[in-house]
Amino acid sequence: MAAQSSPSTANEEPATSLLASPSADAEGLKRALRALGGGVSIVTAGEGESRTGATVTSATALSIQPPRMFVSLNRSSSTWPVVERYRHFCINVVGQDHETLANQFSGRGGLTGPERYHGAAWTCLLSGAPVLEDAAAAIDCEVEEAIIRYNHSIVIGRVIGIRIGNGGSLIYRDGRYHSLGDKTELLGPTHHKGIPGS
């Protein structure tokens, strides 16, 4: 019996194809980053009528040992001068119940300064920076160093206090909020834990 030849694949289209590539400029980078989901945090700083803050996806750990966080802040924002003045900030990790608050701190509705704090309960830990009482987690920091690059300040914070709450993390991707749900493995009473050696 003659062997049967397999169907030719020479002219077949590939199973997947690349989308049109945007230019490697600011707008192209924005388009690419819309595909990257980021954890939503509210960075707070200041005291009293000097309080302000911003919603960011740029807050993350620089080092676990020693405990250090960093966040990138636009130097033209209202938040950076207050962080620079008070030498502190708190990273408040927010969840699905905080979408309205996240929008307030992103500047939607024209709210500025202490107006952004309306509708939520606040406290403080060691640095004096405002702490969202029902945050999924709050990481209290003293400014260790600020690195100026282009139009941003990369702020490195020494972690001096931590507070863990309940609930899952809010994610921002492609212009929308998404919830990861409850972090059941970490559920427990709210507590404040200072970092040894702080």
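Just above sits the structure.
Residues numbered from 1 in each chain as written. Predicted model: local features only at pLDDT ≥ 70, side-chain atom pairs only at ≥ 80, totals over all residues. Heavy atoms only, no water.

## Some remarks on the nonpolar core
Point 1. With 18 residues, the main nonpolar core has V56, V71, L73, V83, F89, I91 and V155 as its most contacted residues.
Point 2. Counting residues per element, the ones that place at least two in this core are β2 (41–45), β3 (52–56), β5 (68–74), α2 (79–86), β6 (88–93), β9 (137–149) and β10 (152–164).
Point 3. Core analysis: the next-biggest nonpolar cluster, separate from the first, contains 12 residues, I42, A102, W122 and L170 among them. (Core = buried A, V, L, I, M, F, W, Y, C linked by side-chain atoms within 4.5 Å. Buried < 20%, exposed > 50% of the residue type's maximum accessible area, 1.4 Å probe, protein only. Helix = DSSP H or I, 4+ residues; strand = E, 2+ residues; numbered from the N terminus.)

## Overview of empty space enclosed by the protein
Point 1. Throughout the structure, instances matching the rule amount to 1 cavity of 30 Å³ or more.
Point 2. Estimated volume of the largest cavity: approximately 30 Å³.
Point 3. What lines the largest cavity is a set of 10 residues, among which L132, E133, A135, R163 and G165 lie closest to the centre.
Point 4. Among the elements of the structure, β8 (130–132), β9 and β10 are those that each provide at least two residues to the lining of the largest cavity.
Point 5. Class assignment of the residues belonging to the lining of the largest cavity gives a composition of 6 nonpolar, 2 polar and 2 charged. (1 Å grid on protein atoms, 1.4 Å probe; cavity = no way out; pocket = protein on both sides within 12 Å on 5 of 7 lines; lining within 4 Å. Points joined across faces, edges and corners; volume = space filled by probe spheres on them. Nonpolar A, V, L, I, M, F, W, Y, C, P; charged D, E, K, R; others polar.)

## Considerations on the layout of surface pockets
Point 1. Here the largest pocket is characterised by a volume of approximately 520 Å³.
Point 2. Forming the boundary of the largest pocket are 19 residues, of which L33, R34, L36, T57 and Y172 lie nearest the centre.
Point 3. Sorting the residues of the lining of the largest pocket by element identifies α1 (26–33), β3 and β11 (170–173) as the ones contributing at least two each.
Point 4. Here the lining of the largest pocket gets 4 residues from one element, more than from any other, and that element is α1.
Point 5. Among the residues forming the lining of the largest pocket, the class breakdown is 7 nonpolar, 7 polar and 5 charged.
Point 6. Around the second largest pocket, the lining comprises 16 residues; the ones closest to its centre are T55, V56, S72, N74 and H152.
Point 7. For the lining of the second largest pocket, the secondary-structure elements that each account for two or more residues are β3 and β5.
Point 8. If one sorts the elements of the lining of the second largest pocket by residue count, β3 sits on top with 4 residues.

Remember that the coordinates give geometry; whether it matters functionally is a separate question.
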